[in-house]
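Listed below, chain by chain, are the residues.
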Protein chains: 2
Amino acid sequence: MVDKNIRIKDIAKLAGVSVGTVDRVLHNRGRVSPEALKKVTEVMEQIDYKPNLIARTLGSNKNYRIAALLPDPKQDPYWAQSNLGITQAQTEWAQYGIQVELFLFDLLDKSSFQKTAHQVYLAKPDGILIAPIFYHEALPIFELFRETDIPYVLFNTNIAEAAPLSFIGQNLYQSGRVGAELLHFGQHEPGTLAVLHIDEDIHDSVHLLEKEKGFREYFQDKGKINFTIIDFILNPKDPSFNNQLEQLLQDNSLRGIFVSTSKGTAVTASFLEKLGKRDIRLVGYDILEENMKYLKSGIIDFLINQNPKRQASLGISHLVNHLMFKKGTPGTDLFPLEVITQQNVDSYLGSGIH
Amino acid sequence: MVDKNIRIKDIAKLAGVSVGTVDRVLHNRGRVSPEALKKVTEVMEQIDYKPNLIARTLGSNKNYRIAALLPDPKQDPYWAQSNLGITQAQTEWAQYGIQVELFLFDLLDKSSFQKTAHQVYLAKPDGILIAPIFYHEALPIFELFRETDIPYVLFNTNIAEAAPLSFIGQNLYQSGRVGAELLHFGQHEPGTLAVLHIDEDIHDSVHLLEKEKGFREYFQDKGKINFTIIDFILNPKDPSFNNQLEQLLQDNSLRGIFVSTSKGTAVTASFLEKLGKRDIRLVGYDILEENMKYLKSGIIDFLINQNPKRQASLGISHLVNHLMFKKGTPGTDLFPLEVITQQNVDSYLGSGIH
């Protein structure tokens, strides 16, 4: 306790308030003026003060269990990246008594999402990180979560009704507008522009619907344009998938394709390459290994980076900050809509930020 | 000292080494095995341990003086952003006894750079942050700095011979390649593409030469293309500046312009708007207020973000980390080459990262 007392005195001195005030802030008891609270928290942030961190870790051995609910990483390299972010956060926080348990559901199966979410509820974790990709199925889950006091953080997909501790991701409506802009850019010949959803049931996938909405509204705002906008929902499990996709790509009026998922981007690129269709512009998602290959060979023109790894690891960090350090977390943490090209992709891979 | 002893014990326990080992690492004396050093520094990084921070601040009152050498912010909104980053870092670190003193030189006057750099040398600061935009004039300055033991950090412009503690900025050669790519993208009509340097003496401006080199090599790598690449160096102080720029923009074969500076981007955009030339593509630099206006109105098509504010504030932080916390700093800290468009610019302004 000597350690702690000394530090409280230091903080008080730096913040220009009394020791009692710092004590009240730290233990969240009694009244503190907004000015004093601001000064104390500013000092704590500046010195990166983590109250009782070491004492708690070595002494009380209070452990926190975080449940991470996301699609099976084996089904999709996008979710493999999210999973990687969680694994990294897990390693980083393990020595502070944070356990992260994975709860994986089938990306293509809503009932699997529901079942797994119930398992999370029954496991009574101290915090939940969740990617609620199915809107209608997610709503009752959040009602269930709210019955408990367990804090939950959303990533990837935001659901307005969820009222989470924090949402980490991107503005997907605006993401669709960026996709439209990149597809439209410098296109002078009239023709067809396609939105392509591969691999998921769009009717219940909020994140894909939001992207399509943004995409379409971009062109509506442009007024009279020379393009026909079409959309396709293709399921790779469908026996006619190859035929459908080839037929779409063989359309000579097709000027560009916006693919709403990262895996779908690679699939579409492989078909464009096979068919030798190099004049059709392709805009898709994420710096995944396969997408990078097609970006470098010029089949993919632009990628919008969703940063799945960082979304997930930051989600765990927000929960740890809330549980362990009682730090406030931002209600929404929106990542910039990064435009990745053949010439700037390496600068992203080499950068410390990413 | 009680505080410190307790913490050393904690660190030893977390790292699984002896207290003596931690002590040797902290005071940089005696022999420590590489494995032990690694373990201890990892623990210190994880708990963000800042040795003696508070004790030093409140007790010994050791102050550090950092000199920041950059062009006068009044001359150019780009450097105003850098200056803002320095001012913010100054405020943040002031209470820890860090003083930042500005040494401003005339952006258009090499001798002013030399004179001001000598003033920095004579002021004997504890650390130097410098934007060495004039190559030939900077070389003897770094020789001078090296005679002392003062650590210096470069930002904006890298100079290979400088051997700084750290360089913060971007790969400017690659930045020119990104500019070329964005100008080339979707251009089908043959014509002229122009590189435009406004406001600086390119013959000695390393950063502009690097951008032009990258720009030209992008097109060389493409082999046979339908474009003539021209470059222009225009000085706004020149009485014929307006005429020269208008003449260039009136050229009907002109398809696109790559402007190498942020201020030049806004100037070029204002001329394009005035002349009603909306079909000429414009690629330039930085999310400055005026550039954003032209990006939103569609005159500017793409901006490459150099993040001047963050470059400068991170430069101060690197120096503080080195001086105060004896933390290692990265030798180069290269920011990603962010592509900013009408549709994604707001996501950058709202994001916590920027």
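Attention here is on the structure that accompanies the text. (Residues numbered from 1 in each chain as written. Chains lettered and ligands numbered in written order. Predicted model: local features only at pLDDT ≥ 70, side-chain atom pairs only at ≥ 80, totals over all residues. Heavy atoms only, no water.)

### What to know about helix α11 (residues 262-274) of chain A
Residues separated by three or four positions in an α-helix point in the same direction, a consequence of the helix having 3.6 residues per turn. All names here are of chain A. Put simply, the test is: Only DSSP runs of H or I with at least four residues qualify as helices, and only runs of E with at least two residues qualify as strands; both kinds are numbered from the N terminus onward. Expected span, for any helix, means 1.5 Å times one less than how many residues it has. In protein, a polar contact means a hydrogen-donor-capable atom and an acceptor-capable atom, both N or O and within 3.5 Å, with residues adjacent in sequence counting only if both atoms are side-chain atoms; elsewhere, any N or O pair within 3.5 Å suffices.
The terminal C-alpha atoms of α11, which comprises 13 residues, lie 19 Å apart, in line with the 18 Å expected from a rise of 1.5 Å per residue. The N-cap residue of α11 is Thr 261: its side-chain oxygen and the backbone nitrogen of Gly 264 are 3.1 Å apart. With its phi angle positive at about 65°, Gly 276 sits one or two positions after the end of α11.

### What about unusual backbone geometry?
Residues and elements named next belong to chain A. The criterion, for reference: Buried residues are those whose accessible area, probed at 1.4 Å on protein chains only, stays under 20% of the maximum for their type, while exposed residues exceed 50% and partly exposed ones sit between those limits.
Notably, Ala 163 is not glycine yet its phi reads approximately 50°, a positive angle. Inspection of the secondary structure assignment puts Ala 163 in the loop between β4 (152-155) and β5 (166-169). A relative accessible area of 55% means that Ala 163 is categorised as exposed. Even without glycine at this site, Asn 307 takes up a positive phi of about 55°. For Asn 307, a relative accessible area of 12% puts it in the buried group.

### Details of the packing of aromatic side chains
Residues and elements named next belong to chain A. Our working rule: In summary, the pairing rule links any two rings of Phe, Tyr or Trp, Trp by its six-membered ring, whose centres are within 6.5 Å, and it sorts them by plane angle into stacked for under 30 degrees, edge-to-face for over 60 and tilted for everything else.
Under the criterion given, the structure shown has 28 aromatic pairs over all chains. Arranged with centres 5.6 Å apart and planes meeting at 55°, the rings of Phe 145 and Tyr 152 form a pair that is tilted. Given the relative accessible area of 4%, Tyr 152 is considered buried. When the ring of Phe 241 is compared with that of Phe 271, the centres are 6.3 Å apart and the planes differ by 85°; the resulting orientation is edge-to-face. Note that Phe 241 is positioned in helix α10 (residues 241-250) and Phe 271 in helix α11, a separation of 30 residues in sequence. A residue is classified by how much of its surface remains accessible, and Phe 241, at 5% relative accessible area, is buried. Given the relative accessible area of 9%, Phe 271 is considered buried.

### Structural notes on the sheet that holds strand β11 (residues 332-334) of chain B
Residues and elements named next belong to chain B. The following threshold applies: When DSSP locates at least two bridges between a pair of strands, those strands are taken to pair. Angles run from 0 to 180 degrees between N-to-C directions of axes, and those axes are lines fitted to C-alpha atoms, restricted for helices to the stretch in contact. By the convention used here, residues are in contact when the closest approach between their heavy atoms is within 4.5 Å.
The six strands are arranged β2-β1-β3-β4-β5-β11 in an open sheet whose pairing can be described as parallel. Only two strands of the sheet have a single partner each, and these edge strands are β2 (98-105) and β11. Strand-to-strand, the axes of this sheet are offset by a mean angle of 15°, without reference to chain direction. Pairing geometry for strand β3 (residues 127-130) and strand β4 (residues 152-155), over three bridges, is parallel. In the sheet register, Ile 128 faces β4, and the bridge partner there is Tyr 152. The sheet strands contacting helix α6 (residues 110-123) are β1 (64-71), β2 and β3, and the helix crosses β2 at an angle near 155°. Sitting on the sheet, helix α7 (residues 135-147) touches β3 and β4, and the angle it makes with β4 is about 155°.

### Looking at the packing of α10 of chain A against α11 of chain A
Residues and elements named next belong to chain A. To keep it simple, the criterion reads: A clockwise turn of the near helix away from the far one marks a right-handed crossing, whereas an anticlockwise turn of less than a right angle marks a left-handed crossing. Only Asp, Glu, Lys and Arg are considered charged, only Ala, Val, Leu, Ile, Met, Phe, Trp, Tyr, Cys and Pro nonpolar, and every remaining residue, Gly among them, polar.
Contact geometry of α10 with α11 gives a least axis separation of 10 Å together with a crossing angle of 65°. As α10 runs across α11, the sense of the crossing is right-handed. Between α10, through Phe 241, Asn 242, Leu 245, Glu 246 and Leu 249, and α11, the contact on the second element is made entirely by Val 267, Thr 268, Phe 271, Leu 272 and Lys 274. A class-by-class count of the residues in the contact of α10 with α11 yields six nonpolar, two polar and two charged.

### A short note on the side chain of Arg 177 of chain B
Relative to the assigned elements, Arg 177 of chain B resides in helix α8 (residues 172-184). Owing to a relative accessible area of 11%, Arg 177 of chain B belongs among the buried residues under this scheme. Of the polar contacts made by the side chain of Arg 177 of chain B, one reaches the side chain of Gln 343 of chain A; its length is 2.9 Å. For Arg 177 of chain B, the contacting residues outside a window of four places in its chain are Gln 343 of chain A together with Gly 214, Phe 215, Glu 217, Tyr 218 and Asp 221 of chain B.

### Section: the pairing of β4 of chain B
Residues and elements named next belong to chain B. Let me state the cut-off plainly: Call a crossover right-handed when, viewed with both strands pointing away from you, the route from the first strand across the helix to the second goes clockwise.
Residue alternation in β4 divides its side chains into two sets, Tyr 152 and Leu 154 and Val 153 and Phe 155, and both sets are buried. Each parallel crossover has a hand, and for β3 linked through α7 to β4 it is right-handed. In this sheet, strand β5 (residues 166-169) lies alongside β4 in parallel orientation, the contact comprising three bridges. When the sheet's bridge partners are listed, Leu 154 is paired in β5 with Phe 167.

### Remarks on the pairing of strand β6 (residues 191-198) of chain A
Consecutive side chains of a regular strand alternate in pointing toward one face of the sheet and then the other. All names here are of chain A. By the criterion of burial, β6 is predominantly enclosed, with eight of the eight residues buried. Two elements, β6 and strand β8 (residues 254-259), share five bridges in a ladder whose sense is parallel. Paired with Leu 196 across the two strands is Val 259, which belongs to β8.

### Things to note about the sheet that holds β5 of chain A
All names here are of chain A. Spatial strand order, β2-β1-β3-β4-β5-β11: six strands in an open sheet with parallel pairing. Both edges of this open sheet fall to β2 (98-105) and β11 (332-334), since each of them pairs with a single strand only. For this sheet, the mean inter-axis angle between neighbouring strands, taken without regard to orientation, is 15°. For strand β1 (residues 64-71) and β2, the ladder comprises eight bridges, and the chain directions are parallel. For Leu 70, the partnering residue across the bridge sits in β2 and is Leu 104. Relative to the sheet, helix α6 (residues 110-123) contacts β1, β2 and β3 (127-130), its axis offset from that of β2 by approximately 155°. Set on the sheet, helix α7 (residues 135-147) makes contact with β3 and β4; between it and β4 the angle comes to about 155°.

### Some details on helix α8 (residues 172-184) of chain A
Residues and elements named next belong to chain A. Over its 13 residues, α8 runs 18 Å from end to end, which matches the ideal 18 Å to within 8%, given 1.5 Å per residue. Most of α8 sits inside the fold, with 13 of its 13 residues counted as buried. Phi turns positive, to about 70°, at Gly 186, one or two residues after α8.

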